[in-house]
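# A closer look at the structure
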Amino acid sequence: MKLLKTLAPVAALIALPSLGLAQDEGPVPGVNASTDTIFILNSLLFLIGGFLVMWMAAGFAMLEAGLVRSKNVAMQCMKNVVLFSLAGIFYYLIGYNLMYPLGTWSMDGMLSGVWGPAVLEAVGVTADAADDYSYASTGSDFFFQLMFCATTASIVSGTLAERIKLWPFLIFTIVLTAIIYPLQASWKWGGGFLDEAGFLDFAGSTVVHSVGGWAALTGAIILGPRIGKFKDGRVNPIPGSNLTLATLGTFILWLGWFGFNGASQLAMGTVGDVADVSRIFANTNIAAAGGSVAALIITQIMYKKPDLTMVLNGALAGLVSITAEPLTPTLGAALIIGAIGGIIVVFAVPMIDKLKIDDVVGAIPVHLICGIWGTIAVVFTNADASFATQLYGIVVVGIFTLISSALVWFILKLVMGIRVSEEEEIAGLDMGELGMEAYPEFSKG
């Protein structure tokens, strides 16, 4: 039996020509093999892309753990594990059907008419009973889309680090993943009014990244800066505890982005689709490279020494910048788009500081400002894009997310408070909120 199991994949590869994968000879008589193949490969793309994007949750956790002080590391790890879990539960309960009404609207193009938990296909479903036999399995689609929802919440976590209470943050996460993110995503990816207007956002520079950025911005303003960050009109840098972890987190995010952008092709059943996925991978990678190198050069020029944290955020900025359109650019154009993102971050981080907005990990410049840049940059490589329409989508999503997020943050602040006490903040949230420390032997940094 072990031998047979070992040889099974080999036999499957030998049989590929009969499935129409190695050569285009059409389906076997009496068997709709080509449609089977499209269904299988599309589903596989979503599953592989989904677990790559899931790995980005680890990237955010490590990035944040490295950029906060040692007395707050356990808190950031806790937030990232639980926010990912809550996203999974509440996207299932509310978000998925709110995001994908499948043409059933209670308010045309604006609010889904499909309410209730997500429902998967039956165990052992056959082709004639599949929800969408010409596309992919419902489970693979749900899993893939859930990962994008969770990513949006992860963006908020880092900005508000080192001074926010755990439970108010988690309640905000529930609202964000159940309602705010899915509702605005339905306007584009669910076939809503932004999609009908011609707004283009391939993998979510606006739909995912700017939404997380807007939510983080409103939270940071309402929450206020950390103690000692701004004093006597000066900005006081607060170094992170572990740049090794921050670097690891960046590489994990970089890896996950291939699933984020690549699987957003949403198809892998033809030669053209697979070629496009590979093109997206290549453009995604070079945009990140451009962002990091641009940040390296600019920080060397400005500060006389290169800044590792800026280089890390430069790579992420390049990734966010290319996310709105990773398919149509040439490699050279993708490099430029990513490099401009890296330059934006170097100037945006001190600009945010001058506005006395305390963003611990630089998520607002990376995800919000570069999300806006990436969405505008679509017009330079995609002939179907209109600058006015792209700007319209940015503004609509921005206003909605700002207002809805601010409302939730204000309610939480009034009802239960969102900020820890001064004593807890000074001692560290690991002990104040959790009663445990990530580094118990040397956590006083």
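These notes cover the structure that comes with them. Just so we're clear, the structure is a prediction, and the values are computed from it rather than from any experiment. (Residues numbered from 1 in each chain as written. Predicted model: local features only at pLDDT ≥ 70, side-chain atom pairs only at ≥ 80, totals over all residues. Heavy atoms only, no water.)

## Some points on the overall build of the chain
- What the chain contains, in helices and strands, is 15 helices and four strands.
- For 445 residues, the compact-globule formula gives about 22 Å, and the C-alpha radius of gyration of the chain, at 23 Å, lands near that figure.
- Across its three principal directions, the C-alpha atoms of the chain cover 80 × 55 × 50 Å.
- Counting every position in the chain, which comprises 445 residues, the buried fraction comes to 53%.
- Long-range pairs, those at least 24 residues apart, make up 78% of the contacts in the chain between residues at least 6 apart in sequence.
- Summed over all atoms, the accessible surface of the chain reaches about 18,900 Å², with 71% contributed by carbon and sulfur. (Helix = DSSP H or I, 4+ residues; strand = E, 2+ residues; numbered from the N terminus. Rg over C-alpha atoms; globule rule 2.2 N^0.38 Å. Buried < 20%, exposed > 50% of the residue type's maximum accessible area, 1.4 Å probe, protein only. Contact = heavy atoms within 4.5 Å. Areas by Shrake-Rupley, 256 points an atom, 1.4 Å probe, with all protein chains shown as cover.)

## A closer look at unusual backbone geometry
- The backbone of Leu266 shows a phi angle near 65°, a positive value even though the residue is not glycine.
- If you check the backbone angles, Lys356 has positive phi at about 60° while not being a glycine.
- By the element assignment, Lys356 lies in the loop between α11 (331-354) and α12 (363-377).

## Side note on the environment of Ala324
- With respect to the helices and strands, Ala324 occurs in the loop between α10 (308-323) and α11.
- Residue class for Ala324 comes out buried when judged on its relative accessible area of 1%.
- In this structure the C-alpha to C-alpha distance between Ala324 and Thr177, which are 147 residues apart in sequence, comes to 21 Å.
- With sequence-adjacent residues up to four places away left out, Ala324 is seen in contact with Asp201, Phe202, Ala203, Ser205, Gly374, Thr375 and Val378.

## Some words on the packing of α11 against α12
- Contact pair α11 / α12: the axes reach a minimum separation of 9 Å and the direction vectors enclose 140°. With respect to their mutual orientation, α11 and α12 come out oblique. Here α11 runs over α12; the crossing is right-handed. Only Ile364, Pro365, Val366, Ile369, Cys370, Trp373 and Ala377 of α12 make contact with α11, whose side of the interface consists of Ile337, Ile340, Gly341, Ile344, Val345, Ala348, Val349, Met351 and Ile352.
- Residues of the contact of α11 with α12, tallied by class, amount to 15 nonpolar, one polar and no charged. (Axes fitted to C-alpha atoms, helices over the stretch in contact; angles between N-to-C directions. Parallel < 35°, antiparallel > 145°, perpendicular 65-115°, else oblique. Left-handed = near helix turned anticlockwise from the far one by under 90°. Nonpolar A, V, L, I, M, F, W, Y, C, P; charged D, E, K, R; others polar.)

## Focus: the packing of aromatic side chains
- On inspection of all chains with the given rule, the structure shows 17 aromatic pairs.
- Relative to Phe380, the ring of Trp373 lies with its centre 6.3 Å away and its plane at 40°, an arrangement referred to as tilted.
- Since its relative accessible area comes to 60%, Phe380 is described here as exposed.
- An aromatic cluster of at least three residues, connected via ring pairs, comprises Phe46, Tyr135, Phe144, Phe148, Trp189, Trp257 and Phe260.
- Taking the ring centre of Phe169 as reference, the NZ or CZ of Lys79 above it sits at 4.8 Å. (Phe/Tyr/Trp six-rings, centres within 6.5 Å; stacked < 30°, edge-to-face > 60°. Lys NZ or Arg CZ within 6 Å of the ring centre and 35° of its normal.)

## Side note on the environment of Phe199
- As for its position among the elements, Phe199 is in the loop between α6 (193-197) and α7 (205-223).
- The buried category is assigned to Phe199, whose relative accessible area is 0%.
- Taking the C-alpha atoms as reference, Phe199 lies 9.1 Å from Ile394; in sequence the two are 195 residues apart.
- Those residues in contact with Phe199 that sit more than four places away from it in its chain are Lys188, Leu194, Thr206, Thr375, Thr389, Gln390, Gly393 and Ile394.

## Let's talk about the nonpolar core
- One finds Tyr91, Phe148, Tyr181, Trp189, Trp257 and Phe260 to be the most contacted residues of the largest nonpolar core, which totals 57 residues.
- Broken down by element, the residue count for this core peaks at nine residues, all from helix α2 (residues 33-67).
- With residues up to four places along the chain from it excluded, the contact list for Phe148 reads Val53, Tyr181, Trp189, Ala203, Val208, Phe260 and Ser264.
- Residues Leu160, Leu183, Val420 and Leu429 belong to the second largest nonpolar core, which totals 42 residues. (Core = buried A, V, L, I, M, F, W, Y, C linked by side-chain atoms within 4.5 Å.)

## Re the environment of Ser321
- Here Ser321 lies in helix α10.
- Aside from chain neighbours lying at most four places away, what touches Ser321 is Ser205, Ile337, Gly341, Cys370, Trp373 and Gly374.

## Observations regarding the pattern of salt bridges
- Within the structure shown, the criterion is met by six salt bridges.
- Put simply, Lys188 and Asp195 hold a salt bridge, and the shortest N to O gap is 2.9 Å.
- Look at Lys188 and you get buried, because its relative accessible area is 10%.
- Taking the relative accessible area as the measure of exposure, Asp195 reaches 33% and is therefore partly exposed.
- Where Arg226 meets Asp358, a salt bridge forms, and the shortest distance between an N and an O atom there is 2.7 Å. Of this pair, Arg226 sits in the loop between α7 and β3 (230-231) while Asp358 sits in the loop between α11 and α12, and the two are 132 residues apart along the sequence. Take Arg226 and Asp358: they sit in the same class, and that class is buried.
- Taken together, the shared-partner salt bridges in this structure form one network comprising Arg69, Glu162, Arg226 and Asp358. (Salt bridge = Lys/Arg side-chain N within 4 Å of Asp/Glu carboxyl O.)

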